[in-house]
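# Report on the structure
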Amino acid sequence: MDAREVSLLSLYDCQRQGVWSDAILKKRLASAGLDSRDGALATQLCFGVLQNRLLLDFYLSYFSERPLKRMEGKVVEALRLGAYQMLFLDKIPHSAAVNCSAGLTRKHCKNPRAVGMVNGILRSLERNLDSLPAIPQEDAAGYLSIRYSHPEWLVKVFLSMMDSSETAKLLEANNGHPPITAMTNTTRVTVEELAEILEGEGVQTQPHPWLENALILSKTGSLEQLSAFQKGLFYIQDPASKLAVLALDPKPGMRVLDCCAAPGGKSFGAAIQMENRGEVVSCDLSPHKKKLIQDGADRLGLGSVAPMTADGKVHRVEWGNAFERVLVDAPCSGLGVIRKKPDIRYKDPASLERLPEVQRAILDNAARYVKPGGVMVYSTCTILRRENEDVAQTFLAHHPEFRAERFCLPECVGDARTGMLTLWPHRQGTDGFFICKLRKEG
């Protein structure tokens, strides 16, 4: 099984089973046993098709007499793979893209006539690459939806928050490739020492432009195979998540609660900031995720992290007023991490309706765990106001014992003078992320 076949089957599984692309692709790659080069190509093809699916379908539909929705699922994915390679990848000959898609169709599709159809559509596309049909521009939302392959409902939400020019910049950023950022485990090594060790392993590093003790990595190969990773000298985290920990401001010796912790990055960041002195109770609903947190803490040597299986909505009497710091990184729509999970954009918006209710329930419950004078940080990896500012403002309206408090961040990131800040991929270069710092009156 080669890279294109892994991509085809992963894309088909995403559509048919409704599973996330990163999870199914990881399983497919492990099963196929591809080397790092082919694994990287399979990932690029799979993610590239998902990032550009609506645009690919727009062009394919123009050259097809038969609607895509009436075709067999694997036929459609073979067409998308071929079109993506011709439209977006310079190093793959167009003839190879067409022939590979036709071959995949022959191997995996039931209709014997589908091979000729795939070949014909992709050959027509190839002949017209210099004169592709124009995307209608009469309606801004419709144009941006096709051009950047985001559902129209989501584009309209963004247009309600910013003008069309900035919306285009956000959508373009969502289709980009986020840098890999390593956070230094300063309980074991300095950032300068880490850079030297990684460079010795063939990894290219550069200091993060505005975040201390962070390195941007390239040419990493398999991160998990690096001795620096195995020795627990760093962990991978988006800078936005680290900023939530900075807003929380945990100190050595404190007792900290991370209510929705998996996979554990914020818990690790808090423990490191506390010099591994104190306790970070790191909770998640799933026993499997509890093990992930424990494995990460063990690798990093963070004995102060105490993973637990717990439901953030269910009150625990013994935790009443017990923590100086509480972090609520609530379940959310995830629409701030489209760069990393491109298929999140295709979520059914109806499935997101109850999220603010869940977020408010967790926040209300967690508030009871904060010591008087202590701090609670509410964060999400989405940029939807209904899950962010609206939830925080509703909480404050019902909890007069709390107030939003300004927190300090690097100057180039933005001003959190209101105690709330939204980060954007196209502005700060981070995940889309919301942070709100709440102080409980003492």
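So, a few notes on the structure that sits alongside this text. Everything quoted here is computed from the prediction, not taken from an experiment.

The next subject is the overall build of the protein chain. On a plain count of helices and strands, the protein chain comes out with 17 helices and twelve strands. Relative to a compact globule of 442 residues, whose C-alpha radius of gyration would be 22 Å, the protein chain shows 24 Å and is just as compact. Sorting the 442 residues of the protein chain into buried and exposed places 53% on the buried side. Long-range contacts, defined here as pairs at least 24 residues apart, represent 71% of the contacts in the protein chain between residues at least 6 apart.

Compared with an ideal rise of 1.5 Å per residue, which puts 14 residues at 20 Å, helix H15 (residues 287-300) spans 20 Å between its outermost C-alpha atoms and is within 8% of the ideal. What H15 keeps buried is the set Ile293, Gly296, Ala297, Arg299 and Leu300. The arc that holds every buried residue of H15, seen down its axis, measures 165°, which confines them to one face. What points out from H15, more than 90 degrees from its buried face, is the exposed set Pro287, His288, Lys291 and Asp298. Buried residues in H15 make contact with helix H12 (227-230), strand E4 (234-236), helix H14 (265-273), strand E6 (279-284) and strand E7 (305-309). Its side-chain oxygen 3.1 Å from the backbone nitrogen of histidine 288, serine 286 forms the N-cap of H15. Just past H15, the residue glycine 301 takes up positive phi, approximately 70°.

The next point concerns the pattern of salt bridges. Under the criterion given, the structure shown has 28 salt bridges. Across the pair glutamate 166 and arginine 427 runs a salt bridge whose closest N-O atoms are separated by 2.6 Å. Taken together, the residues span a long stretch of sequence, with glutamate 166 in helix H10 (residues 164-174) and arginine 427 in the loop between strand E11 (420-423) and strand E12 (433-440) at a distance of 261 residues. Connected through shared salt-bridge partners, Arg403, Glu405, Lys437, Arg439 and Glu441 make up one network.

With that settled, consider the nonpolar core. Counting residues in each nonpolar core, the largest one holds 38 residues, and the members touching the most others are Leu60, Met71, Val75, Leu79, Leu81, Leu122 and Leu125. Secondary-structure elements contributing two or more residues to this core are helix H1 (3-17), helix H3 (36-51), helix H4 (53-63), helix H5 (73-88), helix H6 (94-108) and helix H7 (114-127). If one sorts the elements of this core by residue count, H5 sits on top with eight residues. Beyond its immediate stretch of four places on either side in the chain, leucine 125 contacts Tyr59, Phe63, Ala83, Met86 and Leu132.

Looking now at the packing of aromatic side chains. Applying the stated criterion across every chain yields a total of nine aromatic pairs. Ring geometry for tyrosine 378 versus phenylalanine 434: centroids 6.2 Å apart, planes at 70°, classification edge-to-face. Of this pair, tyrosine 378 sits in strand E9 (residues 370-380) while phenylalanine 434 sits in strand E12, and the two are 56 residues apart along the sequence. By relative accessible area, tyrosine 378 is classed as buried at 0%. Here phenylalanine 434 falls in the buried class, since its relative accessible area comes to 0%. Judged by centre distance (5.2 Å) and plane angle (65°), the rings of phenylalanine 395 and phenylalanine 402 are edge-to-face. Owing to a relative accessible area of 3%, phenylalanine 395 belongs among the buried residues under this scheme. Here arginine 147 stacks its cationic end above the ring of tyrosine 148, 4.7 Å away from the centre of that ring. A cation over a ring is seen here: arginine 299 above phenylalanine 229, with NZ or CZ 3.7 Å from the ring centre.

The element strand E8 (residues 323-329) is largely enclosed, with a buried count of six among its seven residues. Bridge analysis of strand E5 (residues 255-258) against E8 gives three bridges, and the strand direction is parallel. When the bridges of E8 are listed, aspartate 258 appears paired with leucine 327. Where E8 lies against E9, six bridges are found, and the strand directions are parallel. Looking across to E9, one finds that phenylalanine 323 is bridged to valine 370.

Because the α-helix completes a turn every 3.6 residues, residues three or four places apart line up on one side. With 16 residues, H3 extends 22 Å from end C-alpha to end C-alpha; this agrees with the ideal 22 Å at 1.5 Å per step. On its buried face, H3 sits against H1, helix H2 (21-32), H4, H5, helix H8 (140-148) and H10. The N-capping residue of H3, defined by a side-chain oxygen 3.2 Å from the backbone nitrogen of arginine 37, is aspartate 35.

Put simply, alanine 262 and proline 263 share a cis peptide bond, and its omega is 5°. Of note, proline 263 is situated in the loop between E5 and H14. With a phi close to 55°, lysine 219 is a non-glycine residue in the positive phi region. Examined against the element boundaries, lysine 219 turns out to sit in the loop between strand E3 (214-218) and H12. Residue lysine 219 is classed as exposed on the basis of its relative accessible area, which comes to 62%. Its identity is not glycine, yet asparagine 321 carries a phi of approximately 50°, on the positive side. With respect to the element layout, asparagine 321 can be found in the loop between E7 and E8. The partly exposed category is assigned to asparagine 321, whose relative accessible area is 41%.

This part takes up the environment of aspartate 38. Relative to the assigned elements, aspartate 38 resides in helix H3. On the basis of relative accessible area, aspartate 38 is assigned to the partly exposed category, the value being 30%. Sequence separation between aspartate 38 and alanine 3 is 35 residues, and the spatial gap between their C-alpha atoms is 5.4 Å.

Quick notes on the rules
Residues numbered from 1 in each chain as written. Predicted model: local features only at pLDDT ≥ 70, side-chain atom pairs only at ≥ 80, totals over all residues. Heavy atoms only, no water. Helix = DSSP H or I, 4+ residues; strand = E, 2+ residues; numbered from the N terminus. Rg over C-alpha atoms; globule rule 2.2 N^0.38 Å. Buried < 20%, exposed > 50% of the residue type's maximum accessible area, 1.4 Å probe, protein only. Contact = heavy atoms within 4.5 Å. Expected span 1.5 Å × (residues − 1). Arc of directions from axis to C-beta. Polar contact = N/O pair within 3.5 Å; in protein donor to acceptor, adjacent residues only side chain to side chain. Salt bridge = Lys/Arg side-chain N within 4 Å of Asp/Glu carboxyl O. Core = buried A, V, L, I, M, F, W, Y, C linked by side-chain atoms within 4.5 Å. Phe/Tyr/Trp six-rings, centres within 6.5 Å; stacked < 30°, edge-to-face > 60°. Lys NZ or Arg CZ within 6 Å of the ring centre and 35° of its normal. Pairing = 2+ DSSP bridges.

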